[in-house]
Amino acid sequence: MGRFRLEAPLAIEVGAVVLLFAAALGTLWYTSTAVVEREQRRALAHGRLKDSNDLLEQRGKDALAAVREFPDYVEPVDWSALETRLTAEAVRVRALDSSIEGGYYVPSRHDRPFIPALPSDPRGSNDTSVDEDMSLSARNLYDHVDTQVDAAFRKGTELSVVEDVPPYTIAIRAAPVRVGGRVVAATWSMTRLVDPIFLDQSARGYQIFAGLALAGIALSLLLTARLARTVRRQASERERLRTELRRGERLAALGKLLAGVAHEVRNPLAGIRGITQLWRRGVDLGDEGFDHLIDEVDRLEEIVSRLLQFTRADAQDLAPGDLNAVVAEAARLTEARAAELGVRVEVDLAPDLPVVEMAPPALVQVFRNLTSNALQVMPRGGVIALTTRRDSVGGGVLASVADRGPGLSKDVLAHLFEPFFTTKAEGTGLGLAIAREIALAHRGELKAENRPDGGAVFTLTIPAYKAAPKAGRLP
Ligand code: ADP
């Protein structure tokens, strides 16, 4: 089973998604920082508007923002004296703060509110804070001043208005001027600020950036979803290939097994055929001939029943159980034959073994095959030791069958578990192959080695039963 690896195009895709996502987040971060900064500037500007308005409230009220009666200018009005006085007041108010402007309106002499010249700039108007490209907005602004001043003039009352006149926010105060009870003029004062939103040429840039960032995030999410789909598809494709490979391997193994079966079956069949041919020719083989025939049939029977064990090894229901019970049962079944041969069966079972998933009849078969081999290598007596232990490395269970026979030669060790490998005249060579097949079906393994002090030991390892798994069919 290969380790999970991304194929090259997929790796490029992952890289692209990560880069895109990072770029989008970076842009979003930059834009939001810039916008927050601008909002802070805006709040600061609004604070200034409020301050200058308060200043006007406190100190400008007595000048342009209040109703005044000029009893000393009686009719006919001395317009030039009145205008000189109002201009002086406007200049005084203007001097309070750079954001404050002021002027007066005498409809009989001027058709627009008069904007007095600054003391420092006798020629120009005081509209110095407005840029060239804002002159249109500035005209719009003075239209508002015009409206308010005209209203104050007509109504003969004070007016105070705060309004948004893009790009400005303005606070206008207007008050009538009376001469001998008649309203002849009106004065006005105004504070204004240019909203940084309009000054900030980058606002559009921010919008574009934010849009790009959001589009980037959306695109990277889309790509991620696509990527997830690709990865899932590749994983299932890999799983399918693995299953096919396993099937192929099994078929190959089956082919090999069948070739072995054919070979093994052919020998006894040839024997049977030989005897029957002799009989046909009238050769009297006596009882020996019958015995030989029965032997060959027994051999065929043995091969067939061993082969059946293979099928059983492949389709067992596994259930959690105690391996000690299985080993004890196998030992019990060995006792009689062992006693005949003068072999002692020693059983050493570890207490508190972890539970394992198993098919007890199949495992009994494994131990019977192992003990039967062990008995065969100790025809003149000895000891068979059946032991169980907790596997300190893998956390599973170990069960071993050890004998005091001749041990395993290098050649035998190399082929021991192959079907039909045998060194015995009457052997089928299937016992260990079946035992190993059953071990694999238990997700375990079967190993053979020589004991340091003589003899062979076969060890079965089975993983411990995991909490709450479901009992399943073997693969
Ligand atoms: P069989 O017993 O029919 O030969 P097995 O698959 O059980 O088939 O064993 C294969 C071979 O492994 C045996 O023929 C023998 O050479 C060797 N073998 C098995 N068990 C032992 C053992 N305990 N000691 C020495 N050799 C063994």
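Located above this text is the structure these notes cover.
Residues numbered from 1 in each chain as written. Predicted model: local features only at pLDDT ≥ 70, side-chain atom pairs only at ≥ 80, totals over all residues. Heavy atoms only, no water.

Within a regular strand, the side chains alternate between the two sheet faces. Where burial is concerned, most of strand 4 (residues 168-179) is hidden: eleven out of the twelve residues are buried. In the sheet, strand 3 (residues 159-165) pairs with strand 4 via seven bridges, with the strands oriented antiparallel. Residue pairing across strands places V161 opposite I172, the latter belonging to strand 4. In sequence, strand 3 turns back onto strand 4 through a hairpin of two residues. Judged from the twelve bridges that link them, strand 4 and strand 5 (residues 182-194) form a sheet pairing that is antiparallel. Across the sheet, residue A174 finds its bridge partner in strand 5, namely W188. The hairpin turn running from strand 4 into strand 5, its antiparallel successor, is two residues long, and G180 in that turn takes a positive phi close to 55°. (Buried < 20%, exposed > 50% of the residue type's maximum accessible area, 1.4 Å probe, protein only. Helix = DSSP H or I, 4+ residues; strand = E, 2+ residues; numbered from the N terminus. Pairing = 2+ DSSP bridges.)

Here we come to the pairing of strand 11 (residues 445-450). Both strand 11 and strand 12 (residues 456-462) contribute to a ladder of six bridges, which runs antiparallel. Paired with A448 across the strands is F458, a residue of strand 12. Counting the residues in the hairpin turn of strand 11 and strand 12 gives five residues, including G454, whose phi is positive at 100°.

By nearness alone, 18 residues border the ligand, and N373, D403, T422, T423 and K424 come closest of all. Taking T423, its side chain carries an N or O atom lying 2.5 Å from an oxygen atom of the ligand. Burial of the ligand by the protein chains amounts to 94% of its free accessible area of 530 Å². For the shell around the ligand, the residue count by class is eight nonpolar, eight polar and two charged. (Near = heavy atom within 4 Å. Polar contact = N/O pair within 3.5 Å; in protein donor to acceptor, adjacent residues only side chain to side chain. Areas by Shrake-Rupley, 256 points an atom, 1.4 Å probe, with all protein chains shown as cover. Nonpolar A, V, L, I, M, F, W, Y, C, P; charged D, E, K, R; others polar.)

In this model helix 7 (residues 323-341) runs 27 Å from its N-terminal to its C-terminal C-alpha over 19 residues, within 8% of the 27 Å that 1.5 Å per residue would give. Within helix 7, the axis deviates most sharply at E335, by approximately 45°. For helix 7, every residue scored as buried is listed here: L323, N324, V326, V327, A330, A331, T334 and A338. In this structure D322 caps helix 7, since a side-chain oxygen of it lies 3.1 Å from the backbone nitrogen of N324. Phi for G342, located one or two positions after helix 7, is positive at around 75°. (Expected span 1.5 Å × (residues − 1). Bend = angle between axes of the 7 residues up to and from the residue.)

The next subject is the sheet that holds strand 9 (residues 382-390). Across the sheet, which stays open at both edges, the five strands sit in the order 7-9-10-12-11 with mixed pairing between neighbours. Only two strands of the sheet have a single partner each, and these edge strands are strand 7 (343-348) and strand 11. The average angle at which neighbouring strand axes cross in this sheet is 15°, direction not considered. As paired strands, strand 10 (residues 397-402) and strand 12 are joined by six bridges and run antiparallel to one another. Within strand 12, the residue paired with V401 across the bridge is F458. Most of the contacts of helix 7 go to strand 7, to which it runs at about 165°, and overall it touches strand 7, strand 9, strand 10 and strand 12. (Axes fitted to C-alpha atoms, helices over the stretch in contact; angles between N-to-C directions. Contact = heavy atoms within 4.5 Å.)

With that out of the way, let us pick up unusual backbone geometry. Positive phi values are uncommon outside glycine, yet D352 reaches one of about 55°. Relative to the elements of secondary structure, D352 occurs in the loop between strand 7 and strand 8 (356-358). Taking relative accessible area as the criterion, D352 reaches 67% and is therefore assigned exposed. Unusually for a residue other than glycine, R443 sits at a positive phi of about 60°. Checked against the element boundaries, R443 lands in the loop between helix 10 (431-441) and strand 11.

Moving on, we come to the nonpolar core. Counting residues in hydrophobic clusters, the biggest one holds 49 residues, and the most contacted among them are L323, L363, F367, L370, I384, L416 and F458. Ranked by the residues each element gives to this core, the list is headed by helix 8 (residues 360-376), at eight residues. Not counting the four nearest positions on each side in its chain, L416 is found in contact with L408, F421, L432, A448 and F458. (Core = buried A, V, L, I, M, F, W, Y, C linked by side-chain atoms within 4.5 Å.)

Turning to the packing of helix 7 against helix 8, a few remarks are in order. Running from N to C, helix 7 and helix 8 point in directions that differ by 35°, and their axes come no closer than 9 Å. Between helix 7 and helix 8 the crossing geometry is right-handed. Every residue of helix 8 that contacts helix 7 at L323, V326, V327, E329, A330, L333, T334, R337, A338 and L341 is listed here: P360, L363, V364, F367, R368, T371 and L375. (Left-handed = near helix turned anticlockwise from the far one by under 90°.)

Take the pattern of salt bridges next. Under the definition given, this model contains 15 salt bridges. In this structure, E329 and R332 form a salt bridge, with 3.2 Å as the shortest nitrogen-oxygen distance. Of this pair, E329 and R332 both sit in helix 7, three residues apart, roughly one helical turn. We note a salt bridge from K447 to E445, for which the minimum N-O separation is 3.3 Å. The partly exposed category is assigned to E445, whose relative accessible area is 36%. Shared partners join several salt bridges into a network, and the residues in it are E237, R240 and E244. (Salt bridge = Lys/Arg side-chain N within 4 Å of Asp/Glu carboxyl O.)

These figures capture arrangement, not role.
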